[in-house]
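Letter by letter, the chains look like this.
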Amino acid sequence: MITTLEITVLLVIATIGHVMALIWLLAGRNKWKIAERTIYDLPINDKQMRREFWNSLHTPSHAVILFGFLYFGFFQNTSIASFFISAFATFIWAEIWHYASHRAFHLSALHWIHAEHHKSHLNSPFTAISFSFTEKLIFDLGILGLLAAVDLVYSLNFYGIAAWFIGYLLVNSFSHANFELKSKDYNRWVGKVLTSTTYHSLHHSRYTGNYGLGTRVLDRIFGTEWEDYERLYDRISREERPLTRLREKVEPSGLR
Ligand SMILES: [Zn+2]
Ligand SMILES: [Zn+2]
């Protein structure tokens, strides 16, 4: 039996991406303080936003697919320990699955799956939820398919997995803003491991590199991180000088 709390959590997953998009839209239009460190000082046209909005209409499919697994009896463990184990396992596996499938989508034979997301060279409030349906299907089934296989051996917790989905939709929304929210010193500490909005903006403006979801770990291991990322972060965050061209690089100081 599916409980009211489970349905409520699924409804949050179904709608939080759009709620975040609305917040970023208001932040940008009303010039809120969090939106003042612009990454790319370039115009985003309404045509892009309209296209992204239409793509975003199938975003609730995350919740529908998760509901499907719940309906067929997966992820029934209710212990506190399993909540944390499930959230952590989802986090680790999603990083690996996203990185591997994302690299595969950049191969010419599979690029059609991912091309819709890359039509946006600059990030708008709706880019975070603008994907082809096939891409999100592969993303969700890859993550939940392996977790369901694990669940047969070690029972996992629905709320732990759902917490990751909520976190993903929130963080992915941050990652597609056109302003940097994190502190000036972010890359001295936690930012050595975790990504930022600037990090993923580079993937859109330059089309390759910086493939990681929430962490820089796999990009570092496989040598796919943009070399000037930290200098670029400092320029946007510390010097508050936005980039003015999509392919603009930031040379080490002294060479500028
Ligand atoms: Zn990509
Ligand atoms: Zn993106």
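Look up a bit, the structure's there.
These numbers were taken from a predicted model, which means no experiment stands behind them.

Unusually for a residue other than glycine, Lys31 sits at a positive phi of about 50 degrees. Here Lys31 shows up in the loop between α1 (4–29) and α2 (46–56). On the neighbour-count criterion, Lys31 (8 C-beta atoms within 10 Å) is exposed.

Of note, Lys136 is situated in helix α6 (residues 133–153). Lys136 sits in the partly exposed class, given 19 other C-beta atoms within 10 Å. When the C-alpha atoms of Lys136 and His58 are compared, they prove to be 9.0 Å apart, with 78 residues separating the residues in sequence. Contact partners of Lys136, with chain neighbours within four places excluded, come to His58, Ser61 and Phe131.

It is worth spelling out the environment of Ile129 at this point. Mapped onto the fold, Ile129 is located in the loop between α5 (111–118) and α6. Sequence separation between Ile129 and Gly17 is 112 residues, and the spatial gap between their C-alpha atoms is 6.6 Å. Once you skip the residues sitting within four places of it in the chain, Ile129 turns out to touch Gly17, His18, Ala21, Ser56 and Thr59.

With that out of the way, let us pick up the packing of α1 against helix α7 (residues 158–175). At their nearest, the axes of α1 and α7 sit 9 Å apart, and the two run at 5 degrees to each other. Classified by the interaxial angle, the pair formed by α1 and α7 is roughly parallel. Residues Glu6, Val9, Val12, Ile13, Ile16, Gly17, Met20, Ala21 and Trp24 of α1 lie in contact with α7, whose contacting residues are Phe158, Tyr159, Ala162, Phe165, Ile166, Leu169, Leu170 and Ser173. Within the contact of α1 with α7, the residues separate by chemical class into 14 nonpolar, two polar and one charged.

What counts as what
Residues numbered from 1 in each chain as written. Chains lettered and ligands numbered in written order. Predicted model: local features only at pLDDT ≥ 70, side-chain atom pairs only at ≥ 80, totals over all residues. Helix = DSSP H or I, 4+ residues; strand = E, 2+ residues; numbered from the N terminus. Buried ≥ 20, exposed ≤ 12 C-beta atoms within 10 Å, placed from the backbone. Contact = placed C-beta atoms within 7 Å. Axes fitted to C-alpha atoms, helices over the stretch in contact; angles between N-to-C directions. Parallel < 35°, antiparallel > 145°, perpendicular 65-115°, else oblique. Nonpolar A, V, L, I, M, F, W, Y, C, P; charged D, E, K, R; others polar.

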